[in-house]
Amino acid sequence: MSETDPAAPVNPQWGGRFAEGPARVMQRINASISFDRRLWRQDIAASRAHAAMLAKAGILSEADAAAIAQGLDEIAAEIESGSFVFREELEDIHMNIEARLVERIGEAGRRLHTARSRNDQVATDFRLWVRDAIDGLDQQLKDLMRALAERAAQHAADPMPGFTHLQIAQPITFGHHLLAYVEMFARDRGRLADCRKRLNECPLGAAALAGTSFPINREMTAEALGFARPMANSLDAVSDRDFALEFLAAAAIAATHLSRLAEEIVLWASPPFQFIALSDAFTTGSSIMPQKRNPDAAELVRAKSGRIFGALMGLLTVVKALPLAYAKDLQEDKEPVFDAAETLSLAIAAISGMVRDLRPDLARMRALAGAAYATATDLADWLVRALGLPFRTAHHVTGRLVARAEAKGVELAALSLAEMQEEEPRITAEVYSVLSLESALASRTSYGGTAPENVARAAARWLAELSS
């Protein structure tokens, strides 16, 4: 390969410093248009705001500003229609749009880049894109929470086994379990909202790194683009990627929650559990085993979390040792963010679909909810309340009773009163009132507990909040 490749012309936007074109590999590694073209809406919006501000400040004539605005509208229509030609030698979306603007309106298009740089331009566009992505993901998470809360309201009183260490621990309700994820996804929305608030400052006008000598009005462009304020330091404005890292961190945590729910769906749909069934819409078959119904959608959600984790780690690695201000390394910020946002959006959509699609086997869950001596804690609590035993003593008494029942191969409630009194003589027949599944559930009335009335109230509260 030769050092210079005639097929790779000089980028006209570089100006007069370069006389020869880049090597083919240099053009390939330097160009970002293959992925940053998705910033075109944000780039056109920022350019419109910049041109309007330049005209207001007297830096640009009103006629030039009007021509620029019309030209940008026409370019937007070209991109929308698919007729716009993206050129690799122009490197990125910013230069592609500017070059086309000059082709369309001539000299006025050359004035648009006054008092700005690609450095503040890309930082502005990227913040706008991430802000839009957050807004879309927030609505998706809200819809997922609504789907979970609706199912929780339907199953507020339906028992299922609660697990610790994946061992049956205490009975809970299916609705209570689903509402746990509503709480998680609410925190995910909160993290995204916090990220949005912090990123909502405008870099435009910081120029390359030091600001500009032109009398620009950064407050005007910030307001036009919906930012809360301009960024206060020009070096920080062009080099900061905290917002992208914070977005990826929030996305990674949300993906973790999605993956945990996906894992439970995989378990619940398996024959050993048989808690739920998924329809054909969210399962696949086997090429060799005709009986199989595989929960592939849930498995893929579980796996796709890894892509989002990788995006976060990748960008942390890119920026960890960069000196101020801008370096070309920062071109590597967009692909992981774009991919993570799209992956998270797809995963949320898939989980939302499965939550609405799944059919619970309430009889199966009820049968296991009281299994494995799941009401043992209720027995220990009764010994504390009724007999005044210290809890640790009650715990030991209950453990011995569980051992008796296990040796006989029966549940706690099947032990006779005489057998119970051999371990603690003061036990009365009242103890049987706390050993049923219904009484165990109904007793958990503490704030946040699994009592059906609690679950029904919590589901109603969430549904009201999500519809407001």
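For the structure itself, look to the data block above.
Conventions and cut-offs
- Residues numbered from 1 in each chain as written.
- Predicted model: local features only at pLDDT ≥ 70, side-chain atom pairs only at ≥ 80, totals over all residues.
- Heavy atoms only, no water.
- 1 Å grid on protein atoms, 1.4 Å probe; cavity = no way out; pocket = protein on both sides within 12 Å on 5 of 7 lines; lining within 4 Å.
- Points joined across faces, edges and corners; volume = space filled by probe spheres on them.
- Helix = DSSP H or I, 4+ residues; strand = E, 2+ residues; numbered from the N terminus.
- Nonpolar A, V, L, I, M, F, W, Y, C, P; charged D, E, K, R; others polar.
- Polar contact = N/O pair within 3.5 Å; in protein donor to acceptor, adjacent residues only side chain to side chain.
- Contact = heavy atoms within 4.5 Å.
- Buried < 20%, exposed > 50% of the residue type's maximum accessible area, 1.4 Å probe, protein only.
- Lys, Arg positive; Asp, Glu negative; His and termini not counted.
- Salt bridge = Lys/Arg side-chain N within 4 Å of Asp/Glu carboxyl O.
- Phe/Tyr/Trp six-rings, centres within 6.5 Å; stacked < 30°, edge-to-face > 60°.
- Lys NZ or Arg CZ within 6 Å of the ring centre and 35° of its normal.
- Pairing = 2+ DSSP bridges.
- Disulfide = S-S within 2.5 Å.
- Patch = residues over 30% accessible without salt bridge, like charges linked within 9 Å, V, L, I, M, F, W, Y side chains within 5 Å.
- Areas by Shrake-Rupley, 256 points an atom, 1.4 Å probe, with all protein chains shown as cover.
- Axes fitted to C-alpha atoms, helices over the stretch in contact; angles between N-to-C directions.
- Left-handed = near helix turned anticlockwise from the far one by under 90°.

### Focus: the layout of surface pockets
Its boundaries defined by the atoms lining it, the largest pocket holds a volume of some 510 Å³. Among the secondary structure elements, those contributing two or more residues to the lining of the largest pocket are β1 (159–164), β2 (167–173), α8 (174–199) and α11 (242–268). If you tally residues by element for the lining of the largest pocket, the top one is α11, at 5 residues. Taken together, the residues of the lining of the largest pocket break down into 11 nonpolar, 5 polar and 4 charged. Within this model, the second largest pocket holds a volume of roughly 300 Å³. Lining the second largest pocket are 13 residues; nearest its centre among them are Tyr447, Gly448, Asn454, Ala458 and Arg461. Looking at the lining of the second largest pocket, the elements with two or more residues in it are α8 and α19 (452–467). Classifying every residue of the lining of the second largest pocket gives 6 nonpolar, 4 polar and 3 charged.

### Remarks on the side chain of threonine 343
Its place among the elements puts threonine 343 in helix α13 (residues 334–357). Looking at threonine 343, its side chain comes within polar contact range of the main-chain oxygen of aspartate 339, at 2.7 Å. If we ignore the near neighbours within four places in the chain, the residues touching threonine 343 are Lys304, Arg307 and Ile308.

### Here we look at the side chain of arginine 151
Following the sequence through the fold, arginine 151 ends up in helix α7 (residues 118–154). For the buried arginine 151, which has no salt bridge, the nearest side chain bearing the opposite charge is glutamate 150, at an N-O separation of 7.5 Å. Within the local environment of arginine 151, its side chain forms a polar contact with the backbone oxygen of arginine 356, the two atoms lying 3.4 Å apart. Excluding anything up to four places from it in sequence, arginine 151 contacts Leu178, Val355, Arg356, Asp357, Leu358 and Pro360.

### Looking at the environment of threonine 284
Along the chain, the position of threonine 284 falls in the loop between β5 (276–277) and α12 (296–319). Remark: the alpha-carbon pair of threonine 284 and alanine 297, spanning 13 residues in sequence, is separated by 8.5 Å. Threonine 284 has contacts with Lys292, Arg293, Asn294 and Asp296, leaving out every residue within four places of it along the chain. Separated by 2.5 Å, the side chains of threonine 284 and aspartate 296 make a polar contact.

### Here's the deal with unusual backbone geometry
Alanine 325 follows leucine 324 through a cis peptide bond whose omega is 10°. Take alanine 325: it is sitting in the loop between α12 and α13. With a phi close to 60°, leucine 166 is a non-glycine residue in the positive phi region. The phi angle at alanine 207 is positive, at roughly 60°, despite the residue not being glycine. Here alanine 207 shows up in the loop between β3 (201–202) and α9 (218–224). The class of alanine 207 is buried, set by a relative accessible area of 8%.

### Quick notes on the pattern of salt bridges
On inspection of all chains with the given rule, the structure shows 36 salt bridges. Arginine 196 serves as the salt-bridge partner of aspartate 135, at 2.7 Å between the closest nitrogen and oxygen. Of this pair, aspartate 135 sits in helix α7 while arginine 196 sits in helix α8, placing them 61 residues apart in sequence. Judged by relative accessible area, aspartate 135 falls into the partly exposed class, the value being 32%. Judged by its relative accessible area of 27%, arginine 196 falls in the partly exposed class. Each of Glu74, Glu78, Arg87, Glu89, Arg100, Glu103 and Arg104 takes part in a single network of salt bridges with overlapping partners.

### Structural notes on the packing of aromatic side chains
Tallying each qualifying case throughout the model produces 8 aromatic pairs. With a centroid separation of 6.2 Å and 80° between ring planes, the pair formed by phenylalanine 126 and phenylalanine 338 is classed as edge-to-face. In this pair, phenylalanine 126 sits in helix α7 while phenylalanine 338 sits in helix α13, placing the two residues 212 residues apart along the sequence. Residue phenylalanine 126 is classed as buried on the basis of its relative accessible area, which comes to 0%. Site record: aromatic cluster; members linked through ring pairs are Phe126, Trp129, Phe243 and Phe338. Above the plane of the ring of phenylalanine 227 lies arginine 131, whose end atom (NZ or CZ) is 5.0 Å from the centre.

### Structural notes on the pairing of β1
Relative to β2, β1 is paired through 6 bridges, and the arrangement is antiparallel. Residue glycine 162 lies in a different strand from β2, and its bridge partner there is glutamine 170. From the end of β1 to the start of β2, which pair antiparallel, there are 2 residues, and histidine 165 there has a positive phi angle of about 55°.

### A few points about the state of the cysteines
Counted under the stated rule, the structure contains 0 disulfides. No disulfide involves cysteine 195; its nearest neighbouring cysteine sulfur is the one of cysteine 202, lying 16 Å away. Judged by its relative accessible area of 0%, cysteine 195 is buried.

### Examining a nonpolar patch on the surface
A surface patch of nonpolar side chains, amounting to about 290 Å² of accessible area, comprises Val25, Met26 and Ile29. Judged by relative accessible area, which is 64%, isoleucine 29 ranks as exposed.

### Observations concerning the packing of α8 against α19
Relative placement of two packed helices is described by the angle separating their axes and the distance separating the axes. Running from amino to carboxyl end, α8 crosses α19 at an angle of 35°, the nearest separation of the two axes being 10 Å. In the packing of α8 onto α19, the handedness of the crossing is left-handed. Contact with α8, carried on its side by Gly175, His176, Leu179, Val182, Glu183, Ala186 and Arg189, involves Val455, Ala458, Ala459, Arg461, Trp462 and Leu466 of α19 and no other residues of that element. Among the residues forming the contact of α8 with α19, the class breakdown is 8 nonpolar, 2 polar and 3 charged.

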